[in-house]
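Results of the structural survey
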Amino acid sequence: MLAIISGHGITRVGRAGQDARPTMTVTDHTDTDAVADPAIALTAVLADAAGADVVLGLPATAGREEEDRLRGAAEEAGLRVRAILPAPVAVALHYGAIDEGVDRTLLVVDQTAATVELTVLAIAPDLTAHIVSARAERVGDHALAATARELAESAPDAVLLSGELYTAPARRAEIEELSEAQGLTVRCADPELAVVHGLLLREDFGLLRVTTGPAPARSRFPQPLADPDPQPWRPFPEDPDPRGEPDGEDPRATGLAASGAARERDEPARAERTVPEFHEPGPDSASASAPAPAQTAEPEPEPDLEPAPGSAGSPSPGLAPAPALRAVPVAQLQYLRRDDHLLVLWAWPDTALTARVRWRREDSTATGDGPREGDISCRRRTYEHDGGLELALGRGAITLTVEALVADPAVDTEGAASLRIPAEPPVVEYAPALRRRLTGARVATVTLTARTGCDLPALRVVHGLGRYRPTSTAEGTVVHEIPAQRLPAGTPFTVEFPFPGAKGPSWLVCFPAGGPDTDHDRDIDLRPTALHRLRVT
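**Some thoughts on the overall build of the protein chain**
If you tally the helices and strands in the protein chain, you get ten helices and 28 strands. Per-residue burial for the protein chain yields a buried fraction of 37% across its 537 residues. Long-range pairs, those at least 24 residues apart, make up 68% of the contacts in the protein chain between residues at least 6 apart in sequence.

Structure follows, in structure tokens:
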């Protein structure tokens, strides 16, 4: 794996060292044609790296045109581009400032040659890095003053230093001694290797999104369930007398006594009893006789009383609000390849009933149904019924993250179960056949079809005799060689050659020309359309 960062007339190439510390080579293209043409720069520094995997880096101030030019130059140089990452995001990966559940603002100060780039990053909890702003300044007092202004305007949580300039203690002290940096964390560990080290970490980091603009107010994580009725609930007062006898102070005691007296009467009397209309007592009616206890009307309920439990429009007091769900990493995350499908398996936490599954295709040319990115929920009941989660994502490289949703607030929510699934080689199917010409001579044909566009290595067609088909070139005779070439997707390619005479069963089988001691058999997945078709006589 290579890490290449190009910009401001400098090309830096990083490789992983044996002690896990990357090594870097720096090439200055000032006053050369390589400044305007990245293809010239890459050809000059990567003459012996054709076919290698690479993660490219660009300054944050670079646009889409510069990104396309760098990608095209890398592909022309024979490199396989795995990802393209802005340099400040790579610096954040170097310092471990991007993680699941993290919500912070960072100021990245990256020095390249005579330029200092100031980039404000907003890291969201869903592993999204938002490039809020980016500006470039000349090294010196202008860059220092611009750093102070950015600190005052963005109010970051930490400052990350990158570039060979900040290996000098005096340069690091200039940043740390700014009044705007007081109380902030200023990180400066191996600043000269920060960008290339971050690019090398991108391959194994997992799910990561990079966007431009401020971070949204809300993340994509599931929000806690809100109380459907946020009004305060008043408990009912305790009965001062469990026997139900009135104490003479409750205004409702008169009505209770009246009800008890009415129940003691016979049925006819109760049927004839009516409740008189209630009137406000006037000053002249003070000496009026009071109504009998059986005829006393109950007072109207107070207007500020809460509705009775169980009434319409109020929640039942026996139902507690639904607990908030928390995302926790699953254990034993693994996968099984089934051609274009993935079977994802994991171990569920005891209390989890739902899991959140996210994926992203790293290879834009890989085939498969559905979008390039996905975010779905998987029910535990469905998972156990199907024996796992099946996803149709093609044969390309996939970054997968799985989290379980639990309601226990005491569980550990740090980290995420992430898996990097490498790409499978493209499938090339072949089918041999025989046909007879008008002259009576027999001619053999082999038709090859690639599901996706790929580079076909040199092949050998082996003719084997006997009841068993050949398993290597040593078990038969090479009757034809197919040169290496480019196979477009879905377009059959047919070769024709004379078929040697044979009595009894015979076979035609294709093998890579390099043999078992080379890696050519790993470049493609060469398979017959059907095993029985390999037997031609």
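Let us keep going from here.
**Description of the pattern of salt bridges**
Opposite charge on two side chains makes pairing possible when the charged atoms of those side chains draw close. Counted under the stated rule, the structure contains 17 salt bridges. Between glutamate 67 and arginine 64 there is a salt bridge, with its nearest N and O atoms 3.3 Å apart. With glutamate 67 and arginine 64 both in helix H2 (residues 64-76), this residue pair falls three residues apart, about one helical turn. You can call arginine 64 exposed: its relative accessible area is 57%. Among the salt bridges present, the one from glutamate 429 reaches arginine 451, with a minimum N-O distance of 3.1 Å. Here glutamate 429, found in strand E20 (residues 427-436), pairs with arginine 451, found in the loop between strand E21 (442-450) and strand E22 (454-456); they are 22 residues apart in sequence, far enough to count as distant. Take arginine 451: its relative accessible area is 36%, and that puts it in the partly exposed class. Connected through salt bridges with shared partners, the residues Asp53, Arg80 and Arg82 form a single ionic network.

**Re the packing of helix H3 (residues 87-94) against helix H6 (residues 194-205)**
Contact pair H3 / H6: the axes reach a minimum separation of 7 Å and the direction vectors enclose 75°. As judged from the angle between their axes, H3 and H6 are roughly perpendicular. Along its contact with H3, which presents Ala87, Ala90, Val91, Leu93 and His94, the element H6 presents Ala194, Val195, His197, Gly198, Leu199, Leu201, Arg202 and Phe205. Within the contact of H3 with H6, the residues separate by chemical class into nine nonpolar, three polar and one charged.

**Re the packing of aromatic side chains**
Working definition: an aromatic ring pair is given by the centre-to-centre distance plus the angle between the planes. The tally for this structure, following the rule as stated, stands at three aromatic pairs. Taking 5.5 Å as the distance between ring centres and 45° as the angle between the ring planes, the aromatic pair formed by tryptophan 346 and tryptophan 348 counts as tilted. Ring pairing ties together the aromatic residues Trp346, Trp348 and Tyr383, which thus form one cluster.

**Details of the sheet that holds strand E8 (residues 128-138)**
Sheet architecture is open: six strands sit in the order E10-E9-E6-E7-E8-E11, paired in mixed fashion. If you trace the sheet from one side to the other, it starts and ends with strand E10 (185-187) and strand E11 (209-212), each paired once. Adjacent strand axes in the sheet meet at a mean angle of 25°, parallel and antiparallel pairs treated alike. In terms of strand pairing, strand E9 (residues 158-162) meets E10 through three bridges, oriented parallel. Within the sheet, the bridge partner assigned to alanine 158 lies in E10 and is threonine 185.

**Looking at the pairing of strand E4 (residues 53-58)**
E4 sits mainly inside the fold: five of its six residues count as buried. One ladder, built from four bridges, connects strand E1 (residues 2-7) with E4; its direction is parallel. Among the inter-strand pairings, isoleucine 5 is bridged to a residue of E4, identified as glycine 57. Handedness of the crossover is the feature at issue here: the chain leaves E4, passes through H2, returns alongside strand E5 (residues 80-86), and the resulting connection is right-handed.

**As for the environment of cysteine 378**
With respect to the helices and strands, the residue cysteine 378 is situated in strand E16 (residues 373-379). For cysteine 378, a relative accessible area of 5% translates into the label buried. C-alpha of cysteine 378 to C-alpha of arginine 356: the two residues are 22 residues apart in sequence and 6.3 Å apart in space. When neighbours within four sequence positions are excluded, cysteine 378 is seen to be in contact with Trp346, Trp348, Leu353, Thr354, Ala355, Val357, Tyr383 and Leu389.

**Considerations on the side chain of arginine 380**
Mapped onto the secondary structure, arginine 380 falls in helix H9 (residues 380-386). Not counting residues within four places of it along the chain, the set of residues in contact with arginine 380 comprises Trp348, Pro349, Asp350, Ala352 and Leu353.

**So, the nonpolar core**
Membership of the largest hydrophobic core comes to 31 residues, with the highest contact counts inside it found for Ile98, Leu106, Leu121, Leu160 and Leu199. Counting residues per element, the ones that place at least two in this core are E1, E5, H3, strand E6 (104-112), strand E7 (115-124), E8, E9 and H6. The element that contributes the greatest number of residues to this core is H3, accounting for six residues. Counting 26 residues, the second-largest nonpolar core is a separate cluster that includes Leu333, Ala355, Tyr383 and Val402.

**Section: H3**
Given 3.6 residues per turn, any residue in an α-helix points the same way as the ones three and four places further on. With eight of its eight residues buried, H3 lies for the most part within the structure. With its phi angle positive at about 70°, glycine 96 sits one or two positions after the end of H3.

**With respect to the environment of valine 443**
Inspection of the secondary structure assignment puts valine 443 in strand E21. Residues valine 443 and alanine 433, spaced ten residues apart in sequence, show a C-alpha to C-alpha distance of 8.5 Å. If we ignore the near neighbours within four places in the chain, the residues touching valine 443 are Ala433, Leu434, Arg435, Arg437, Glu496, Phe497 and Phe499.

**Side note on the sheet that holds strand E13 (residues 331-338)**
Spatially, three strands are ordered E13-E14-E17 in an open sheet, and the strand pairing comes out antiparallel. Only two strands of the sheet have a single neighbouring strand rather than two, namely E13 and strand E17 (389-392). Each strand of the sheet is rotated relative to its neighbour by a mean of 25°, with strand direction disregarded. Note that E13 and strand E14 (residues 341-347) share six bridges and pair antiparallel. Bridge assignment links alanine 331 to a residue of E14, and that residue is alanine 347.

**A closer look at H6**
Compared with an ideal rise of 1.5 Å per residue, which puts twelve residues at 16 Å, H6 spans 15 Å between its outermost C-alpha atoms and is within 8% of the ideal. Along H6, the residues that are buried comprise Ala194, Val195, Val196, Gly198, Leu199, Leu200, Arg202 and Glu203.

**A few points about the side chain of histidine 463**
Note on placement: histidine 463 falls in strand E23 (residues 459-465). We classify histidine 463 as buried; its relative accessible area is 7%. Apart from the residues lying within four places of it in its own chain, the contact partners of histidine 463 are Gly476, Thr477, Val479, Phe499, Pro500, Ala502, Ser506, Trp507 and Leu508.

About the cut-offs
Residues numbered from 1 in each chain as written. Predicted model: local features only at pLDDT ≥ 70, side-chain atom pairs only at ≥ 80, totals over all residues. Heavy atoms only, no water. Helix = DSSP H or I, 4+ residues; strand = E, 2+ residues; numbered from the N terminus. Buried < 20%, exposed > 50% of the residue type's maximum accessible area, 1.4 Å probe, protein only. Contact = heavy atoms within 4.5 Å. Salt bridge = Lys/Arg side-chain N within 4 Å of Asp/Glu carboxyl O. Axes fitted to C-alpha atoms, helices over the stretch in contact; angles between N-to-C directions. Parallel < 35°, antiparallel > 145°, perpendicular 65-115°, else oblique. Nonpolar A, V, L, I, M, F, W, Y, C, P; charged D, E, K, R; others polar. Phe/Tyr/Trp six-rings, centres within 6.5 Å; stacked < 30°, edge-to-face > 60°. Pairing = 2+ DSSP bridges. Right-handed = clockwise from strand over helix to strand, strands pointing away. Core = buried A, V, L, I, M, F, W, Y, C linked by side-chain atoms within 4.5 Å. Expected span 1.5 Å × (residues − 1).

Interpretation note: all reported values are geometric properties and have no functional meaning in isolation.
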